[in-house]
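Next come the chains, spelled out residue by residue.
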Amino acid sequence: MPDVSQLRPKEQDGLLSYLLLRQWGRPRLRAVLGAGAALVVPAVWLCLASGPDPGDHRPTVVCSDESGTKLTADLDADGRLDEIRDPHRSGDATVVFSRATTAVEVRVGEARTVWQKARSALVPDTATRGAFGDFDGDGYLDLALFHSRRDVGDSTASHLPVHELRYGPLARDLSGSRTRHIDVARASFVSDARATDENHDGRAELQVFQSVGDGGLGRYTGRHTEDGLTLGDEPVDYTGTAGPDDLPSGWRDFGICVYPTA
Ligand SMILES: [Ca+2]
Ligand SMILES: [Ca+2]
């Protein structure tokens, strides 16, 4: 059995499907296929593990519309500009991937793999949050993804099975070209996550607003290094559950798109 945490999201889904087949379908497979099942099941795994892949177009502009409600970027590197729609930058954006004749919409809330969804299937009151930013500075937008459980009364819950960085370019299911865990100090509820580049060095900082109990949120920050993305052990400040009021709403800090005029 491979170490699941080291597998790519698509491979995790494929492995889960394989294990389900092995658990539930073994008698029938043995009766019908006999020794051939040993060849068929891994093939099914490989088939199910193959999801959409990003393109190889060079990084393009990343900028906001004038209203600050949409971020424009070629998220999947296919040469067509896509949109991240999240007017209040709440961490649950809808990504609209442009296509030749239509568009494909994917919500951050649906970005977890089948394997990740299965792990939290019986846990109540959970939520997914994601922050788009170029954390490693290669020009492609990355996705910092969290899935956690809300507080239980005034106390924090300890359920944070997803805290990962999906490196861009991203596929149209928001899976990454590669994935790495984000080191976190707490396993409490992630209320909000933002990417900011306050020192304008081309690499985004990750700001995570995480429950500290009694209705409070702590802001944990981290920068990408060769060791990955690690959040600080202690909050840099605190805020109420209303969220990051001191951060601007919308996407204008990425810069406003400038289109050529005729
Ligand atoms: Ca695109
Ligand atoms: Ca990147």
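Residues numbered from 1 in each chain as written. Chains lettered and ligands numbered in written order. Predicted model: local features only at pLDDT ≥ 70, side-chain atom pairs only at ≥ 80, totals over all residues.

Participant: Looking at this structure, I do not really get the overall build of the chain. What am I missing?
Facilitator: Secondary structure assignment for the chain yields three helices and 14 strands. Burial analysis of the chain (262 residues in total) assigns 35% to the buried set. For the chain, restricting intrachain contacts to residue pairs at least 6 apart in sequence, the fraction spanning at least 24 positions comes to 51%. (Helix = DSSP H or I, 4+ residues; strand = E, 2+ residues; numbered from the N terminus. Buried ≥ 20, exposed ≤ 12 C-beta atoms within 10 Å, placed from the backbone. Contact = placed C-beta atoms within 7 Å.)

Participant: Explanation requested: the nonpolar core in the structure shown.
Facilitator: The tendency in soluble globular proteins is for nonpolar side chains to be buried side by side. One finds Ala144 and Leu206 to be the most contacted residues of the largest nonpolar core, which totals 42 residues. Ranked by the residues each element gives to this core, the list is headed by strand 7 (residues 142-149), at four residues. Setting aside its immediate chain neighbours within four residues, Leu206 contacts Ala131, Phe135, Ala144, Ala193, Ala195, Thr221, Gly222 and Leu229. (Core = buried A, V, L, I, M, F, W, Y, C linked by C-beta atoms within 7 Å.)

Participant: Would you mind going over the sheet that holds strand 4 (residues 94-98) with me for this structure?
Facilitator: The strands making up a sheet associate through hydrogen bonds between their backbones, and the pairing can be parallel or antiparallel. Overall, antiparallel pairing links the five strands, which are arranged 1-2-3-4-5 in an open sheet. The sheet is open, and its two borders are formed by strand 1 (63-64) and strand 5 (103-107), each paired with just one other strand. Here strand 1 runs beside strand 2 (residues 70-73); their pairing, made up of two bridges, is antiparallel. Within strand 2, the residue paired with Cys63 across the bridge is Thr72. (Pairing = 2+ DSSP bridges.)

Participant: What is the right way to read the environment of Gly232 from this model?
Facilitator: Considering the arrangement of structural elements, one finds Gly232 in the loop between strand 13 (228-231) and strand 14 (237-240). Of the residues examined, Gly232 has 16 C-beta atoms within 10 Å and is grouped as partly exposed. Spatially, the C-alpha atoms of Gly232 and Ala185 are 7.1 Å apart, while their sequence positions differ by 47 residues. When near neighbours in sequence (up to four residues on either side) are disregarded, Gly232 contacts Tyr220, Thr221 and Gly222.

Participant: Explain the sheet that holds strand 8 (residues 162-167) to me, please; I cannot follow it from the model alone.
Facilitator: Spatial strand order, 6-7-8-9: four strands in an open sheet with antiparallel pairing. Each having just a single partner strand, strand 6 (126-133) and strand 9 (178-181) make up the two edges of the open sheet. Put simply, the sheet's adjacent strands are angled 20 degrees from each other on average, direction ignored. As paired elements, strand 6 and strand 7 share eight bridges and run antiparallel to each other. Each bridged residue has a counterpart across the sheet, and for Gly130 the counterpart in strand 7 is Leu145. (Axes fitted to C-alpha atoms, helices over the stretch in contact; angles between N-to-C directions.)

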